[in-house]
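Understanding the architecture of this molecule
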Amino acid sequence: MTSLSDSSIARGIALICLGVFAISINDLVIKALSGGYPLHQIVFTRTAIGILLSFVMLHLEGGLSLLRTSQPGLHILRGLTLVAANMTFFASLAVLPLGLTTALFFVSPLFITLFGFLFLREQVGPLRLGAIVFGFLGVIVMQEPWQSGSEYGPPWLFALPVIAAALYAAMAVMTRALGVKSRASALTIYNQAMFLLVSSLFYLLVGQGQADPGPDSPSLHFLLRAWTWPSAEDWPLFLVIGICNGIVAYCITAAYRMAPAASIAPFEYIGLPLAIFWGWLFFAEWPTPAIWAGCAMILGAGLFVFLRERQKGKRHITKPPSGQAR
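Just so we're clear, the structure is a prediction, and the values are computed from it rather than from any experiment.

Within the chain, the regular secondary structure consists of 13 helices and 0 strands. Secondary structure elements in the chain, listed N-terminal to C-terminal, are α-α-α-α-α-α-α-α-α-α-α-α-α. The contacts in the chain between residues at least 6 apart in sequence include a share of 86% that link residues at least 24 apart. Summing over all exposed atoms, the chain offers an accessible surface of approximately 14,000 Å²; the carbon and sulfur share of this is 70%.

Written out as structure tokens, the structure reads:
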């Protein structure tokens, strides 16, 4: 007979898979739009659409009263950290292949384990610490330090998705203190409110392109170029990422609230083959042997951490990236 726990895990896995698929579509479309629109405009538009879906889910879960919180400061800090993680990740999408950017971001669970050890005094044994080191070595392998230079640009470009992963890990640690007390829809709306606030400030400060360094600095150009009214053929793409934003934000949060992370977290790793597939299909991107090796090292280290957490019987296992990060 199927237990309530088994049923919850099955629903959690289904939500994770749906959320990760939506993430892959979201990243694909944002990369496609990065050549014509500033990042803060894309973020504002997709969030404005996504938050409408979130309010529908909030209504279904109990109404506006669920937005009441005794920890507004932590919600704001968590939301701003998530915004910074998103902005950094999406800035890297403009210059790095989709699969490579996603693979580098998957060091996030290693950061979460490391932060738990450093700041929450969680017990992390030598095997998991060794896995963390091994995973970060995968980041170095992807940069091909034995070559005179990477075909993708200077080494600091590789740091962008890694910084995004570290910021996301900090947000995930804060989520532990909030997830039990707040519903998934409420957490989602708090986050989306921060996205709207920050992107609106970007528009007020640099929305006319006054800080745009030009195409010679593609990441900053993507972040700071002037707002442009979307063309008729691009509006459907904005609608797609808005819908994906609502799906992702709710599905990932709900999944980790209804099922043990140790059971569902590994399913987030389907995001990497999806990213590689979309990159090959739409942008003719194919990973080099060094990137394949680095991917294997990062994913192997992350999965090892999850398996060790499950073996230890811990319910507070760290969750991988993706999720609300994008």
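Before going further, it helps to spend a moment on the nonpolar core. Membership of the largest hydrophobic core comes to 81 residues, with the highest contact counts inside it found for Ile42, Leu100, Phe111 and Met142. The element that contributes the greatest number of residues to this core is helix 7 (residues 156–178), accounting for 12 residues. Apart from residues lying up to four places away in sequence, Met142 is in contact with Leu100, Ala103, Leu104, Phe158, Ala290, Ile291, Gly294, Cys295 and Ile298.

Throughout the structure, instances matching the rule amount to 16 aromatic pairs. Ring centres of Trp235 and Phe238 lie 5.9 Å apart, and the angle between their planes is 55°; on these two criteria the pair is classed as tilted. One end of the pair is Trp235 and the other is Phe238, both in helix 10 (residues 235–258) and 3 residues apart, which spans about a single turn. According to the relative accessible area criterion, Phe238 is buried, its value standing at 0%. Ring-pair connections join several aromatic residues into one group, and the members of that group are Tyr37, Trp229, Trp235 and Phe238. Of note, Lys31 hangs over the ring of Phe283, and the distance from its end group to the ring centre comes to 5.5 Å. We note Arg46 situated over the ring of Phe195; from NZ or CZ to the ring centre the distance is 5.7 Å.

To continue, consider the confidence of the model for the chain. Predicted coordinates in areas of low pLDDT are best not read in detail. Taken as a whole, the chain shows an average pLDDT of 85; of its residues, 90% reach a score of 70 or greater. Mean pLDDT in the chain bottoms out at helix 11 (residues 261–264), which sits at 70, and peaks at helix 12 (residues 271–283), which reaches 95.

With that settled, the discussion passes to the packing of helix 2 (residues 39–61) against helix 8 (residues 184–206). As a packed pair, helix 2 and helix 8 sit with axes 8 Å apart at the nearest point and diverge in direction by 155°. With respect to helix 8, the element helix 2 is oriented roughly antiparallel. For helix 2 against helix 8, the interelement crossing comes out left-handed. Looking at the contact of helix 2 with helix 8 residue by residue, the classes come out as 16 nonpolar, 9 polar and 2 charged.

Glancing now at the side chain of Glu61. Note on placement: Glu61 falls in helix 2. Within the local environment of Glu61, its side chain forms a polar contact with the side chain of Tyr250, the two groups lying 2.8 Å apart. Not counting chain neighbours up to four residues away, the residues in contact with Glu61 comprise Leu66, Arg183, Ala184, Ser185 and Tyr250.

A surface patch of nonpolar side chains, about 690 Å² in accessible area, is lined by Phe277, Trp280, Leu281, Phe282, Trp286 and Trp292. It is helix 12 that contributes the most residues to the nonpolar patch, 4 residues altogether.

Rules behind the numbers
- Residues numbered from 1 in each chain as written.
- Predicted model: local features only at pLDDT ≥ 70, side-chain atom pairs only at ≥ 80, totals over all residues.
- Heavy atoms only, no water.
- Helix = DSSP H or I, 4+ residues; strand = E, 2+ residues; numbered from the N terminus.
- Contact = heavy atoms within 4.5 Å.
- Areas by Shrake-Rupley, 256 points an atom, 1.4 Å probe, with all protein chains shown as cover.
- Core = buried A, V, L, I, M, F, W, Y, C linked by side-chain atoms within 4.5 Å.
- Buried < 20%, exposed > 50% of the residue type's maximum accessible area, 1.4 Å probe, protein only.
- Phe/Tyr/Trp six-rings, centres within 6.5 Å; stacked < 30°, edge-to-face > 60°.
- Lys NZ or Arg CZ within 6 Å of the ring centre and 35° of its normal.
- pLDDT = per-residue confidence, 0-100.
- Axes fitted to C-alpha atoms, helices over the stretch in contact; angles between N-to-C directions.
- Parallel < 35°, antiparallel > 145°, perpendicular 65-115°, else oblique.
- Left-handed = near helix turned anticlockwise from the far one by under 90°.
- Nonpolar A, V, L, I, M, F, W, Y, C, P; charged D, E, K, R; others polar.
- Polar contact = N/O pair within 3.5 Å; in protein donor to acceptor, adjacent residues only side chain to side chain.
- Patch = residues over 30% accessible without salt bridge, like charges linked within 9 Å, V, L, I, M, F, W, Y side chains within 5 Å.
- Salt bridge = Lys/Arg side-chain N within 4 Å of Asp/Glu carboxyl O.

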